[in-house]
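Understanding the architecture of this molecule
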Amino acid sequence: MDVLRWENRQLLLLDQTLLPHRTEYLTCTHYRDVAEAISLLRVRGAPAIGVAAAYGYALAAFNYQEDRGGSLEDYLKKATRELGDTRSTAVNLRWALEQMDRAYRTVKDKPLDEVREHLLEAARGIHMDELRLEKRIADFGSSLIPKRARILTYCNTGALATAGWGTALGIVRTAHDQGKDIEVYVSETRPVLQGARLTAWELQQAGIPYKLITDNMAGYLFRQNEVDLVLLGADRIAANGDFANKIGTYNLAVLANFHDCPFYVAAPSSTIDLKIDTGEEIPIEMRDPQEVRTVRGHLITIEGCPVLNPSFDVTPHQLVSAFITEKGVIKPPYDLVKIFAEEGADR
Ligand code: MRU
């Protein structure tokens, strides 16, 4: 099942807020539909929002009407701002919009139809490239998975969160396809339950054994020696290896460290932000308090009670056993500038 698909000048997005109980596509005919879908988490996961934003940019070129006055360039700038402002932590969003802007610059003086087709091709290129890199990440990552492994994962890092294969969950899929005996512990991932709703759904569909746990059960599992490794994704990785991921990731990193358990982070280079030195500089998206007061729309506390809702936390690089990227498995000490800027990305 496609997570996102371009069809007849429209972007179709599998609405992730309805999963696992309903599978419905949202039709985006305007770039603002894409922006809204990203902010409401209808499409979510760092690589997936990058790809969606790229198509959103292309859609803006189709939405542009010459006869309304104003230049295409200004219109695309406005679309870039609106798409880019939807979510602040995952750097893939900004990365994809920068790629699209670069693609635009190469054809800006061509006739409008040509510009549109070129931008659509650029968005498709980003989509297919990300997918190819995810498969490489999965191949590298599966070499770290023992023949028999109990893996703790967090949030959702599968096909839904990416260009179509997955990062951390893509590794699990590949290792399972290789015949490894894997069981996945899926943390439900409050407040919006990406683990319970999305990861459980993906694993169920793939026939990979899993058990759902509430987030506060992880410590119990470590104490029982039930976890062989932790494997999860990232939304932004700083040059020194500090990284942001779904709120609650840091708790797991501390637990894994205390229990001498490998803690692996899988992500493509579009998640790496070499412009920032450390995790201190990663902006943390604060979301609607209603996400905490409610579970799937049901109020579970006092109406209007004070709430804190940071959507991500930052884990220091010292707690990461290895990063799994399209360049291979990167072990400490982390010098990501050397690997990703000096050698160049494999794109
Ligand atoms: O708020 P979300 O659902 O977009 O957060 C997603 C995550 O935190 C994922 O772990 C991360 O994007 C990696 S996805 C391959």
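Here we look at the domain arrangement of the chain
- Each domain of the chain was delimited in the assignment, giving domain 1 (4–135) and domain 2 (141–346).
- On a C-alpha basis, the centroid separation for the pair domain 1 and domain 2 is 25 Å.
- Counting residues at the interface gives 32 residues for domain 1 and 36 residues for domain 2.
- In this assembly, domain 1 packs against domain 2 so that about 2,800 Å² is buried in total across both faces, 52% of it on carbon and sulfur atoms.
- On the domain 1 side of the interface with domain 2, the three residues burying the most area are Arg44, Thr89 and Glu134, jointly 23% of the side's total.
- Taken together, the links from domain 1 to domain 2 amount to 3 salt bridges.
- Between Arg94 and Asp273 there is a salt bridge, with the nearest N and O atoms lying 3.3 Å from each other.

A look at helix H4 (residues 92–107)
- Relative to the 22 Å expected for 16 residues at 1.5 Å per residue, H4 spans 23 Å between its end C-alpha atoms, a close match to the ideal helical length.
- Those residues of H4 not exposed but buried are Asn92, Leu93, Trp95, Ala96, Leu97, Met100, Ala103, Tyr104 and Val107.
- Buried positions along H4 lie against helix H1 (31–39), helix H2 (46–63), helix H3 (72–84) and helix H5 (112–142).

Notes on the sheet that holds strand E2 (residues 10–14)
- Taken in spatial order, the 3 strands of this open sheet run E1-E2-E3, and their pairing is antiparallel. Bordering the open sheet on either side are strand E1 (4–7) and strand E3 (25–28), each of which pairs with just one other strand. Neighbour to neighbour, the strand axes of the sheet diverge by 25° on average, direction disregarded.
- Bridge count between E2 and E3: 4 bridges; the pairing is antiparallel. When the sheet's bridge partners are listed, Leu12 is paired in E3 with Thr27.
- Lying on the sheet, H2 is in contact with E1, E2 and E3; it crosses E1 at an angle near 20°.

Let's talk about the site of the ligand
- Taken together, 17 residues lie around the ligand, and Arg44, Arg87, Gln194, Asn245 and Lys246 are the ones closest in.
- Side-chain polar atom of Gln194 to an oxygen atom of the ligand: 2.8 Å apart, as the coordinates give it.
- For the ligand, whose free accessible area comes to 420 Å², the fraction covered by protein is 99%.
- The set of elements that each furnish at least two residues to the shell around the ligand consists of H2 and strand E9 (243–246).
- Residues that form the shell around the ligand fall into these classes: 6 nonpolar, 7 polar and 4 charged.
- Counting residues domain by domain, the shell around the ligand receives three or more from each of domain 1 (4–135) and domain 2 (141–346).

Focus on the sheet that holds strand E15 (residues 322–325)
- In spatial order, the strands read E6-E5-E4-E7-E10-E15-E16; together these 7 strands make up an open sheet with mixed pairing. Where the open sheet ends on each side, the last strands, each with one partner, are strand E6 (210–213) and strand E16 (328–330). Averaged over all pairs of adjacent strands, the angle between strand axes in this sheet comes to 25°, irrespective of strand direction.
- Here strand E7 (residues 229–232) runs beside strand E10 (residues 263–266); their pairing, made up of 3 bridges, is parallel. Looking at E10, one finds that Leu231 is bridged to Tyr264.
- This element, H5, spans E10, E15 and E16 of the sheet and lies at about 140° to E15.
- In the packing of helix H7 (residues 194–206) onto the sheet, the strands contacted are strand E4 (148–153), strand E5 (181–187) and E6, and the crossing angle to E5 comes to about 165°.

Regarding the packing of H2 against H3
- Running from N to C, H2 and H3 cross one another at 145°; their axes reach a closest spacing of 9 Å. Read as a crossing pair, H2 and H3 show a hand that is right-handed. Contact residues: H2 offers Ala53, Gly56, Tyr57, Ala60, Ala61 and Asn63, while H3 offers Leu72, Tyr75, Leu76, Ala79, Thr80 and Leu83.
- The class makeup of the residues in the contact of H2 with H3 is 9 nonpolar, 3 polar and no charged.

Details of the nonpolar core
- By size, the foremost hydrophobic cluster in this structure holds 51 residues, and its most contacted members are Leu11, Val34, Ile38, Leu76, Met100 and Leu119.
- Every element with two or more residues in this core is listed here: E1, E2, H1, H2, H3, H4 and H5.
- Looking at which element gives the most residues to this core, the answer is H2, with 14 residues.
- Beyond its immediate chain neighbours, meaning those up to four positions away, Leu76 contacts Tyr57, Ala60, Ala61, Tyr104 and Leu119.
- Ile213, Val227, Ala256 and Phe263 belong to the second largest nonpolar core, which has 30 residues in total.

Thoughts on unusual backbone geometry
- Note the cis peptide between Leu19 and Pro20, where omega equals 5°.
- Here Pro20 is to be found in the loop between E2 and E3.
- A cis amide bond links Pro332 with the next residue in sequence, Pro333, at an omega value of 5°.
- Here Pro333 shows up in the loop between E16 and helix H11 (336–342).
- Even without glycine at this site, Asp260 takes up a positive phi of about 55°.
- Taking the relative accessible area as the measure of exposure, Asp260 reaches 72% and is therefore exposed.

Here is what the cut-offs are and how they apply
Residues numbered from 1 in each chain as written. Predicted model: local features only at pLDDT ≥ 70, side-chain atom pairs only at ≥ 80, totals over all residues. Heavy atoms only, no water. Domains from an automatic or database assignment. Contact = heavy atoms within 4.5 Å. Buried area = accessible area lost by both parts, 1.4 Å probe. Salt bridge = Lys/Arg side-chain N within 4 Å of Asp/Glu carboxyl O. Helix = DSSP H or I, 4+ residues; strand = E, 2+ residues; numbered from the N terminus. Expected span 1.5 Å × (residues − 1). Buried < 20%, exposed > 50% of the residue type's maximum accessible area, 1.4 Å probe, protein only. Pairing = 2+ DSSP bridges. Axes fitted to C-alpha atoms, helices over the stretch in contact; angles between N-to-C directions. Near = heavy atom within 4 Å. Polar contact = N/O pair within 3.5 Å; in protein donor to acceptor, adjacent residues only side chain to side chain. Areas by Shrake-Rupley, 256 points an atom, 1.4 Å probe, with all protein chains shown as cover. Nonpolar A, V, L, I, M, F, W, Y, C, P; charged D, E, K, R; others polar. Left-handed = near helix turned anticlockwise from the far one by under 90°. Core = buried A, V, L, I, M, F, W, Y, C linked by side-chain atoms within 4.5 Å.

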